[in-house]
Amino acid sequence: MDDHGDVITAAREVVRRGRRITCFSGAGLSAPSGVGTFRDPGDGWWSRYDPMRLASPDGFHEDPALVMKWYAARRQQMAEAAPNAGHLALAARPDVVQVTQNTDDLLDRAGCSDIIRLHGNITADRCHAGCGHVESVDMHDPPGHRSCPGCGQAGLRPTVVWFGEALPSDAWERAEQAARSCDVFLVVGTSAVVYPAAGLITLAAHAGATVIVVNRDASSASDVADFELLGSADELLPALLEAD
Ligand code: APR
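Just so it is clear, the structure is predicted and the values come from calculations on it, not from any experiment.

As a further point, take the pattern of salt bridges. Scanning the model with the defined rule gives 12 salt bridges in all. Among the ionic pairs, aspartate 95 bridges to arginine 93, the shortest N-O distance being 2.9 Å. A residue is classified by how much of its surface remains accessible, and arginine 93, at 18% relative accessible area, is buried. Of the charged contacts in the structure, one is a salt bridge between aspartate 105 and arginine 109, with a shortest N-O distance of 3.2 Å. Residue classification places arginine 109 among the partly exposed residues on the basis of a relative accessible area of 38%.

Now for the site of the ligand. Around the ligand, the surrounding shell holds 23 residues, and the nearest of these are Phe38, Arg39, Thr190, Ser191 and Asn215. Alanine 27 places a polar main-chain atom, nitrogen or oxygen, 2.8 Å from an oxygen atom of the ligand. A distance of 3.2 Å separates an oxygen atom of the ligand from a polar backbone atom of glutamine 101. Taking 740 Å² as the accessible area of the ligand by itself, protein coverage stands at 94%. A breakdown of the residues in the shell around the ligand according to their chemical character gives 8 nonpolar, 11 polar and 4 charged.

Time to look at the packing of aromatic side chains. All told, the structure shown has 9 aromatic pairs when counted by the stated rule. With a centroid separation of 6.4 Å and an interplanar angle of 45°, the aromatic rings of tyrosine 71 and tryptophan 162 are classed as tilted. Residue tyrosine 71 is found in helix H6 (residues 64–80), and its partner tryptophan 162 is found in the loop between strand E6 (156–160) and helix H9 (169–180); the two are separated by 91 residues along the sequence. Note on accessibility: tyrosine 71 and tryptophan 162 belong to one class, buried. Members of the aromatic cluster, joined through ring pairs, are Phe38, Trp45, Trp46, Tyr49, Phe60, Trp70, Tyr71, Trp162 and Phe163. Taking NZ or CZ as reference, arginine 48 lies 4.8 Å from the ring centre of tryptophan 45, over its face. The ring of tryptophan 162 has arginine 157 sitting right over it, with the charged end atom 3.8 Å from the ring centre.

Attention now moves to the environment of glycine 36. In this fold, glycine 36 is placed in the loop between helix H2 (27–30) and helix H3 (45–48). Distance from glycine 36 to leucine 54, taken between C-alpha atoms, is 15 Å for residues 18 residues apart in sequence. Apart from residues lying up to four places away in sequence, glycine 36 is in contact with Trp45 and Gln77.

With parallel pairing, 6 strands are arranged side by side in an open sheet as E3-E2-E1-E7-E8-E9. Looking at the sheet topology across the chains shown, the edges are occupied by strand E3 (116–117) and strand E9 (227–230). Across 5 bridges, strand E7 (residues 184–188) lies against strand E8 (residues 210–215) in parallel orientation. In the strand pairing of E8, valine 184 is matched with threonine 210. Of the strands in this sheet, strand E1 (21–25), strand E2 (97–100), E7 and E8 are in contact with helix H10 (residues 199–206), which crosses E7 at around 160°.

The rules behind these values
Residues numbered from 1 in each chain as written. Predicted model: local features only at pLDDT ≥ 70, side-chain atom pairs only at ≥ 80, totals over all residues. Heavy atoms only, no water. Salt bridge = Lys/Arg side-chain N within 4 Å of Asp/Glu carboxyl O. Buried < 20%, exposed > 50% of the residue type's maximum accessible area, 1.4 Å probe, protein only. Near = heavy atom within 4 Å. Polar contact = N/O pair within 3.5 Å; in protein donor to acceptor, adjacent residues only side chain to side chain. Areas by Shrake-Rupley, 256 points an atom, 1.4 Å probe, with all protein chains shown as cover. Nonpolar A, V, L, I, M, F, W, Y, C, P; charged D, E, K, R; others polar. Phe/Tyr/Trp six-rings, centres within 6.5 Å; stacked < 30°, edge-to-face > 60°. Helix = DSSP H or I, 4+ residues; strand = E, 2+ residues; numbered from the N terminus. Lys NZ or Arg CZ within 6 Å of the ring centre and 35° of its normal. Contact = heavy atoms within 4.5 Å. Pairing = 2+ DSSP bridges. Axes fitted to C-alpha atoms, helices over the stretch in contact; angles between N-to-C directions.

See the structure below:
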């Protein structure tokens, strides 16, 4: 067997013996479904566009129509995407706690429930002024910029976490607990550069978990990995998680 095969075999054994497994995922999990990542050279959103213009409160204040146009394009892309074999392999393991940075609904559509969402959910909009109005959006025919029908004071924006905004505290507390209390921490398809989310990896490692990284390329999680499986999430997750 080659070295890569040996690493997969060893990591599979760790997963098989794991009693509490937490999976921390990022955009690379949904990439094989055709959903764009952020930092991949060439086709990542942030290698083509300025994140502060499209995903920050200041950017929304400056040009809300541009922001909502970008979200409409992403929503359509996600609506056309289907869960891949990686999502399905995770959904087939309801014992694995899902912590994700992804805002798409592909884990849900694969059959996962009770997903801990650190960066919110792109399938709804809310009042940017915080009046409490929330509405789900048609992902196939997403809306553009419009005012909040609840208060009329601000525009509606996706229920996601932007740069400079706090993570939802309940999700963050549950994620920290899931990182601290697991014995196997899977890190799937994330560059691991966005904090505080990426801090979960060292938190889990320091608490004693075995860290298994699944990524197409080396990432900021490489140094912390006990096992690093290099390849596509839709191929590696079934190989890692499915029974013989
Ligand atoms: N299989 C596995 N990994 C992949 C694949 C694939 N098919 N394709 C790409 N990757 C990896 C890349 O090598 C990279 O390490 O997925 C990672 C994607 O990294 P980012 O684009 O930075 O996405 P993510 O880590 O989820 O970003 C974190 O940044 O802009 C914010 O809020 C946004 O939640 C997002 C956060």
